[in-house]
Amino acid sequence: MVGLEGRIQKAEYPANWMFFVALVSVVILLFGLFTGTLLSYLDAVVIAIIGTVVMSWVGVSMSRPVDYSWLPAMVTAGYLAKMVASLARYLVMIEFYGGGGDAIGYHGAGVRFAPIWRSFQVPPGMDEVGTSFVDGITGLIYVPYTPTMPGGFFLFATIAFVGQLLMYAAFRRSVQPRRLKWYAAALFFVPAITYWPASIGKESLMFLAIGLSVYGASLFLSRGGIKAVVIIGSGLALAGAIRPHVAALVIGSIAVTLVFVKGGGSLGLSPWLRWGAVLAVGAASVFLVTFALQEFNIDLNGNITAEIDEFVASVEDNTSKGGSEVDGGAVQGIQDIPGAALRVLFRPLPYEAHNPAAMASALESSVILLLLLWRSPKIVKNLRFVRRDPYILMCLVMTLGFIVMFSPFLNLGLLARERSQVLPFLAAIIIQLGWNFPEAEAPQVEPTGRFVEPVSYVS
């Protein structure tokens, strides 16, 4: 009856909600008219209106009985926040950086390459990793029409927002319903997540890639299946073409989770299939790690340890410039993890901020750090249950791996942007483990091996 009641109420909900969406769209249109942006950047205004309507529909469509009463509103508000953040990124680039930035280059490449895609040819550089690939993908995104710069920003921000929706859907598979609103609020409104992946470039595409990967992982870790494998593969392929080291981190986290999840009980796989999956994912991890090392020009036929040490030293040297550099270094042992975690996830702190942008980042990081410290006793206590919750175990491995991977980066400005990729996983850990979790109500596994939803957490 609960499911039927949920479907009935959910079916009645969009009528009132679409009226609100129409009202918001009219406001956006009037804003464009009165500010003059409607004529200069008509496509950006149209994208904002269409995106608001589409995301409202997506919010209704993806909602379940546990979140239908608030998710559509949250998704639409989150998308509007994303558009505001994207506009802010554009204005910062124009007003404070004088029109400089990577987004300018990507936009120019997209304008050049879109006609090549339209003629059913592949532009040069699509077989290369990183910037050249993103140039080509930008051209592919511009195939339907050639947007203005703000329009391009809004398109890429929408792509990133789809990744955020996938991350929410992944988290929903392993958490108690009343905590879903907390996670959605963090995912859609934490400034770093909203602001950084909201422009033309790698960050927005990486959010889509990571979102696909972890959503596929949540499916696989709850029930297995070829659909999950295809989704994971799609996300990893996109991530590997942009930042292969992050793709290696994602697949490595899945591999570690498969090995250490308690008894494999959260998987709908027989034991031999589970270990077959472990071998397959392990092989994929090795491949991506090898590929990443080659992309970083590390000679695999030489002294790999020396090559990696030299590469890490070069990263430390290159990132210890620019005015926001700090002391530190790569993690060499477990004793280095606390300092690296503070630097990678939370600095700059307020006393280290010397401009408005740094202060905004510092205040945000301080709030997250204080929340983590406040809930740390519960988090430590509940870690004993984490092997029963495969998705949260994966988030924990992802976060620790990210700290180690980015520990050689000594530029706080660069880290403030890069950490947006891991904040959704840190938020999942804090929200999932930071409140009471009695042993009697730990995650239970059905005899079929499928994860029970929702988990009966209490606070």
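Residues numbered from 1 in each chain as written. Predicted model: local features only at pLDDT ≥ 70, side-chain atom pairs only at ≥ 80, totals over all residues. Heavy atoms only, no water.

### Section: the overall build of the chain
In terms of regular secondary structure, the chain is built from 19 helices and zero strands. Per-residue burial for the chain yields a buried fraction of 52% across its 459 residues. Across the chain, the fraction of contacts at a sequence separation of at least 24, relative to all contacts at a separation of at least 6, is 73%. Counting only carbon and sulfur atoms, one obtains 68% of the accessible surface of the chain, whose full area is about 20400 Å². (Helix = DSSP H or I, 4+ residues; strand = E, 2+ residues; numbered from the N terminus. Buried < 20%, exposed > 50% of the residue type's maximum accessible area, 1.4 Å probe, protein only. Contact = heavy atoms within 4.5 Å. Areas by Shrake-Rupley, 256 points an atom, 1.4 Å probe, with all protein chains shown as cover.)

### Digging into the side chain of Glu364
Along the chain, Glu364 turns up in helix α16 (residues 356-382). Here Glu364 is buried and forms no salt bridge, its nearest opposite-charge partner Arg419 lying at an N-O distance of 5.9 Å. Here Glu364 is in contact with Val190, Pro191 and Ala192, once residues within four sequence places are set aside. (Lys, Arg positive; Asp, Glu negative; His and termini not counted. Salt bridge = Lys/Arg side-chain N within 4 Å of Asp/Glu carboxyl O.)

### Some details on the packing of helix α7 (residues 149-172) against helix α8 (residues 180-189)
Remark: α7 packs on α8, axes separated minimally by 10 Å, with the N-to-C direction vectors making an angle of 160°. Comparing their axes, α8 and α7 come out roughly antiparallel. Crossing of α7 over α8 shows right-handed handedness. Here Phe161, Gln164, Leu165, Met167, Tyr168, Phe171 and Arg172 of α7 come into contact with α8, specifically with Leu180, Tyr183, Ala184, Leu187 and Phe188. Of the residues contributing to the contact of α7 with α8, the split by class is 10 nonpolar, one polar and one charged. (Axes fitted to C-alpha atoms, helices over the stretch in contact; angles between N-to-C directions. Parallel < 35°, antiparallel > 145°, perpendicular 65-115°, else oblique. Left-handed = near helix turned anticlockwise from the far one by under 90°. Nonpolar A, V, L, I, M, F, W, Y, C, P; charged D, E, K, R; others polar.)

### Some thoughts on the packing of helix α15 (residues 337-346) against helix α17 (residues 390-406)
The interhelical angle for the contact between α15 and α17, taken along N-to-C directions, is 90°, at an axis separation of 9 Å. Viewed along their axes, α15 and α17 adopt a mutual orientation that is roughly perpendicular. Packed against α15, whose contacting residues are Ile337, Ala340, Ala341, Val344 and Leu345, the element α17 presents Thr399, Phe402, Ile403 and Phe406 at the interface. For the contact of α15 with α17, the residue count by class is eight nonpolar, one polar and no charged.

### Here's the deal with the pattern of salt bridges
Any two side chains of opposite charge can pair, on the condition that their charged atoms come close. Across all of its chains, the model carries five salt bridges by this definition. Note that Arg347 and Glu352 form a salt bridge whose closest N and O atoms lie 2.4 Å from each other. Of the two residues, Arg347 and Glu352, neither departs from the other in class, the shared state being buried. Each of the salt bridges in this network shares a partner with another, and the network as a whole consists of Glu203, Arg243, Arg417 and Glu418.

### Describing the nonpolar core
Of all hydrophobic cores here, the largest spans 118 residues; its most connected members are Tyr168, Phe171, Tyr183, Ile254 and Tyr391. Per-element accounting of this core gives the leading share, 15 residues, to α7. Not counting residues within four places of it along the chain, the set of residues in contact with Tyr391 comprises Met167, Ala170, Phe171, Ser174, Val214, Ser218, Leu221 and Phe425. (Core = buried A, V, L, I, M, F, W, Y, C linked by side-chain atoms within 4.5 Å.)

### Structural notes on the packing of aromatic side chains
For the coordinates displayed, the defined rule picks out 10 aromatic pairs. Ring geometry for Phe161 against Phe188: centres 5.4 Å apart, planes inclined by 35°, an arrangement best described as tilted. A residue pair is termed long-range when its members are at least 10 positions apart, and Phe161 in helix α7 and Phe188 in helix α8 qualify at 27 residues. Here Phe161 matches Phe188 in class, with each residue buried. Here the aromatic rings of Tyr195 and Trp196 are separated by 5.0 Å at their centres, their planes lie at 75°, and the arrangement is edge-to-face. (Phe/Tyr/Trp six-rings, centres within 6.5 Å; stacked < 30°, edge-to-face > 60°.)

### Examining α17
Compared with an ideal rise of 1.5 Å per residue, which puts 17 residues at 24 Å, α17 spans 24 Å between its outermost C-alpha atoms and is within 8% of the ideal. Extensive coverage of α17 is indicated by the burial of 13 of its 17 residues. (Expected span 1.5 Å × (residues − 1).)

### A word on unusual backbone geometry
The residue after Arg347, namely Pro348, is reached through a cis peptide bond having omega 10°. You can see Pro348 is positioned in the loop between α15 and α16. Even without a glycine there, the phi angle at Phe120 is positive, about 65°. Inspection of the secondary structure assignment puts Phe120 in the loop between α5 (102-118) and α6 (131-141).

### Remarks on empty space enclosed by the protein
Tallied over the entire structure, the rule returns two cavities of 30 Å³ or more. Along the walls of the second largest cavity sit Ile210, Val246, Leu249, Met398, Phe402, Gln421, Val422 and Phe425, which together make up its complete lining. Going through the elements one at a time, α12 (244-260) and α17 are the ones with two or more residues in the lining of the second largest cavity. Class assignment of the residues belonging to the lining of the second largest cavity gives a composition of seven nonpolar, one polar and no charged. (1 Å grid on protein atoms, 1.4 Å probe; cavity = no way out; pocket = protein on both sides within 12 Å on 5 of 7 lines; lining within 4 Å. Points joined across faces, edges and corners; volume = space filled by probe spheres on them.)

### A few points about a nonpolar patch on the surface
A grouping of Leu42, Val46, Ile50, Val54 and Trp57 is seen on the molecular surface, where their side chains present a nonpolar patch of about 480 Å² in accessible area. For Leu42, the position within the fold is in helix α3 (residues 42-62). (Patch = residues over 30% accessible without salt bridge, like charges linked within 9 Å, V, L, I, M, F, W, Y side chains within 5 Å.)

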